[in-house]
Amino acid sequence: MAPRFDAESLQIELSVADLIDISQLRSLGFAHRGGYERMWVGQAIHSRYQDAAMASDPTYRREVQLEHLFTHRGWQVTIRGRADGLRRDDDGTLVVEEIKSLRRGSQLGGLTRQVYERQALIYRWILAREGEPEVRAELVLIEIGGGRVEHLPVEPEDDGEELERSIRERLNRLIHQHEAELEAVERRREAGRTLLFPHTAMRPGQEEIVAAVETALEQREHLLIEAPTGIGKTVAALYPALAYSLTHEKRVFVLTAKNLQQEMATAVLEMLNPEDRFHSLRLNAKARMCANEELVCHEEYCPYARDYFFKLQTSRVVPRLLEATGTLLPDRIFEMARQAEVCPFEVSLEAAGRSQVVLGDYNYAFDPYVALSEFGSDEDLSDVVLIVDEIHNLVDRGRGYYRPELDAGVALETARALEAGGTPVHHRAATLARRLARLIEETVVAALDDEGPRTRAALVMLPEDDLWMLRAELDATFVDYIEQQRDNRSFRADDPFVDLYYKVLRFLDGLALSAEGAFDQCAERRGDSARLRILCKDPSPFIGAILERCHAVVGLSATLSPVDFYIDLLGFDRGRTSEISVPGPFPPENRRVVIDPSVATTYRERPRNYARIARRVAAFAEAVPGNSMVLFPSYRFLAEVTERIEVRRRHLLVQQPGDGEAERQAILEALRSDLTGPVLLLAVAGGVFAEGVDYPGDTLSAVGVVGPCLPALSLEQNRLREYFDERFERGFEYAYVVPGMTRVVQAVGRLIRSAEDRGVIALLDHRFLDEPYRRHLPDDWLPVEGPDGLIGDPAEVAHRFFAGDPVR
């Protein structure tokens, strides 16, 4: 824990680690910051030693909490620590153990040994000050792999006076740092009190959002905000959240689902902080922040990981970043860290811990394997304000965090790669990988008939006992494998055996969770691939546990209907959660909505409608004077229509499944350019062009959506349907219609984003007129007579709208 100061009562609480500059002993070793993976090997070795010691010595105690209170310069100081082990010698002397694991053949370096000895001596000092008459300390060094144990006595230089003097000197430095931080806190409070809204006036609806956020923060409540795209809900939520957090010493985490949303949120933060009076930081993915281009995060392989913590301190790269600017962006962090030869990703995490606002992906809070340390299961989040943009995406993301799978094909590929290694350890690992593949294949064969379609799935009782037995052998082989990689300096990025090992660990974590709650166990075959999967139907216990610990959570979306669906499936406490729905602020005459019921897009009816849909889409686009975007439920549907479409006066662009960042940017540039003439973009709903993209000005003049964009039929979706039927009695609607219509509304939101934007929305499918689909059409789209008043030919409606016809 970090030192805690209570100035009113003059109390300090700190840990033994706070009294030692222990950070220099850490290293960016294998699997550093790996969530559940982090430190697993070391912890397992310690645990085995402690179990054996307790079995053989009745006086042995493990992980013993120690505490000592004393006075220093008028402060009441409490030091807490946890000794690895305590035991009694035959003469009654109490022995405190500091346990460390070492690679075979290695020894503790001088500085490392000094720090560990100091830690053991502080535990000895605490025990002596608490009245223990005879105490001695020792280091217990355990060889990784071999298991050899060595006990090294730690002799104090005197009776403890010199140690106590150094402890008090360390306390003086900590008190000085605390006083400096108090001054910084007062500066931030002043920034919060004088924070200005970054625009001369608020748009209609923004005042309502600001007031609702202020109330939620003051009352420590959660707030869900549904507001149309383009209203400026991000700035309307961030402004009061920042003002409150700066004045009340809270931290703001802004979480988004897509990089483009992060860019927009970054622009808002820069507008709110023109004088750099607080720090905001944007986190980038680890792969994008690797200066070595290897992603082998080990000091023996990467110069940016070597001596990381020592270079971090001597280079002062984090303080220099904080002194240089209030908005810390990934490119700036990357360059300064590269110049200091320290890992840019780790530097970004260090700087994030000192920033008042952190912007990043949902994963940094909710993914149990990569979440920031602040969001650990035991961490206090009462100083955290979460702003979750496009929060409707978090339901599926949350399921994904608890949906591990094992693939027989991946296991076989791993085995083949290992067999090329040629050593006994490689052979053992390959044998285990093949056993895993065989276990997966046998389970799938037993669960599924040999006849039928090539993509099939069924519920099954997974072979949990067999997997746990295999895991024990994997553990031992993994330790030997890592040691050999270190000895031979043969680590590689994305090592297939390491990846497979952690997949097994995560899968077993999932099996443990699936014993209770809304989970299914599934065997599946996709083509020639056999897989075991765990399906999470309801992530609310896990997400809700994080939300509940926060001071407040503000969720933003253009589509939060029905709101009960999101409250329940995200685990919000109904007693402290409220919601508001803000109407669209833009002139209704700037938009025309048309429903074309002459086509059908159900899976069974599609083949007969591909040609007609192609003709209707082409005619619609050619009736629009500017660019049009038409979105489809899937790439396959998109490809079928693309084959049949003919446009004469439009430049046709089509999103492809394998498109990357370069292709996306090329399409966006074509939409924004006048050189190619009007563009018709065909893309998929729910993809990069349908959500999170800001099309400025008159980039788009029309958006069409083909069908309600329901998720594909699958065992998982049908199990969700059954679960929602049982829980809400609205199974089909919640499993299929809600996610599908959310995609529709999100996609259409790309069109009208300011009071000056004008355009036509075309919905192609008769189902938009039927329940339950029609109830998910936004109220401000509908005329008095309801959806039936929107029936028409998209091309004719577009032609009349852009010709100035005032009729809706």
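Caption draft 1: Seen up close, the overall build of the protein. Of regular secondary structure, the protein possesses 24 helices and 25 strands. A compact globule built from 808 residues would reach a C-alpha radius of gyration of about 28 Å, and the protein, at 30 Å, matches this within 12%. For the protein, the spread of C-alpha atoms along the three principal axes comes to 100 × 70 × 50 Å. When the 808 residues of the protein are sorted by exposure, 55% land in the buried category. Expressed as a percentage of contacts within the protein between residues at least 6 apart in sequence, the contacts between residues at least 24 apart total 77%.

Caption draft 2: How the structure looks around the side chain of Asp407. For Asp407, the location among the structural elements is in strand 14 (residues 405–407). Judged by its relative accessible area of 14%, Asp407 is buried. Looking at Asp407, its side chain comes within polar contact range of the side chain of Ser529, at 3.1 Å. Residues contacting Asp407, with those up to four places away along its chain left out, are Ile440, Ser529, Ala530 and Arg531.

Caption draft 3: Just the packing of aromatic side chains, in detail. For the coordinates displayed, the defined rule picks out 23 aromatic pairs. Look at Tyr481 and Phe497: their rings are 4.9 Å apart centre to centre, the planes differ by 70°, and that puts the pair in the edge-to-face class. Residue Tyr481 is located in helix 15 (residues 464–488), and its partner Phe497 is located in helix 16 (residues 496–514); the two are separated by 16 residues in the primary sequence. Exposure class is identical for Tyr481 and Phe497. Each is buried. Centroid distance Tyr610 to Phe637: 5.5 Å. Interplanar angle 65°. Geometry classified as edge-to-face. Of this pair, Tyr610 sits in helix 19 (residues 606–622) while Phe637 sits in helix 20 (residues 635–644), placing them 27 residues apart in sequence. For Tyr610, a relative accessible area of 9% puts it in the buried group. The exposure class of Phe637 is buried, given its relative accessible area of 1%. Cluster of aromatic residues (ring-pair linked, three or more members): Phe565, Tyr566, Tyr723, Phe724, Phe728 and Tyr734.

Caption draft 4: Seen up close, the nonpolar core. Counting 150 residues, the largest nonpolar core has Val347, Phe366 and Leu386 as its most contacted members. In contact with Leu386, other than residues within four places in its own chain, are Phe253, Leu255, Phe366, Phe375, Leu547, Cys550, Ala552, Val553 and Val554.

Caption draft 5: Layout of the sheet that holds strand 21 (residues 628–632). If you walk across this open sheet you meet the six strands as 20-25-24-21-23-22, and the pairing is parallel. Edge positions in the open sheet fall to strand 20 (591–596) and strand 22 (651–654), since each of these has one partner strand only. For this sheet, the mean inter-axis angle between neighbouring strands, taken without regard to orientation, is 15°. Across the sheet, helix 20 lies against strand 21, strand 22, strand 23 (679–684) and strand 24 (702–706), angled at about 145° from strand 23, the strand it touches most. Along the sheet face, helix 21 (residues 661–672) touches strand 22 and strand 23 and points at about 145° away from the line of strand 23.

Caption draft 6: Fine view of the sheet that holds strand 11 (residues 327–328). One open sheet holds the eight strands; their spatial order is 11-10-12-9-13-18-8-19, and the pairing between them is parallel. Two strands close off the open sheet at either side, each with one partner strand: strand 11 and strand 19 (577–581). Bridge count between strand 10 (residues 280–282) and strand 11: two bridges; the pairing is parallel. When the bridges of strand 11 are listed, Ser280 appears paired with Thr327. Contacts between helix 4 (residues 206–218) and the sheet are confined to strand 8 (222–226), strand 13 (384–388), strand 18 (552–557) and strand 19, with strand 8 contributing the most and set at about 165° to the helix.

Caption draft 7: Structural detail: the pattern of salt bridges. The final tally for this structure, using the stated rule, is 58 salt bridges. The shortest N-O distance in the salt bridge between Glu164 and Arg129 comes to 3.1 Å. One end of the pair, Glu164, is in helix 3 (residues 161–193); the other, Arg129, is in helix 2 (residues 110–129), and 35 residues separate them in sequence. In this structure, Glu419 engages Arg434 in a salt bridge whose closest nitrogen and oxygen atoms are separated by 2.9 Å. A residue pair is termed long-range when its members are at least 10 positions apart, and Glu419 in helix 13 (residues 408–419) and Arg434 in helix 14 (residues 424–447) qualify at 15 residues. Glu419 gets classed as partly exposed once you look at its relative accessible area, which sits at 41%. Because the salt bridges share partners, they merge into one network encompassing Arg403, Glu405, Asp407, Glu524, Arg526, Arg531, Arg533 and Glu716.

Analysis parameters
Residues numbered from 1 in each chain as written. Predicted model: local features only at pLDDT ≥ 70, side-chain atom pairs only at ≥ 80, totals over all residues. Heavy atoms only, no water. Helix = DSSP H or I, 4+ residues; strand = E, 2+ residues; numbered from the N terminus. Rg over C-alpha atoms; globule rule 2.2 N^0.38 Å. Buried < 20%, exposed > 50% of the residue type's maximum accessible area, 1.4 Å probe, protein only. Contact = heavy atoms within 4.5 Å. Polar contact = N/O pair within 3.5 Å; in protein donor to acceptor, adjacent residues only side chain to side chain. Phe/Tyr/Trp six-rings, centres within 6.5 Å; stacked < 30°, edge-to-face > 60°. Core = buried A, V, L, I, M, F, W, Y, C linked by side-chain atoms within 4.5 Å. Pairing = 2+ DSSP bridges. Axes fitted to C-alpha atoms, helices over the stretch in contact; angles between N-to-C directions. Salt bridge = Lys/Arg side-chain N within 4 Å of Asp/Glu carboxyl O.

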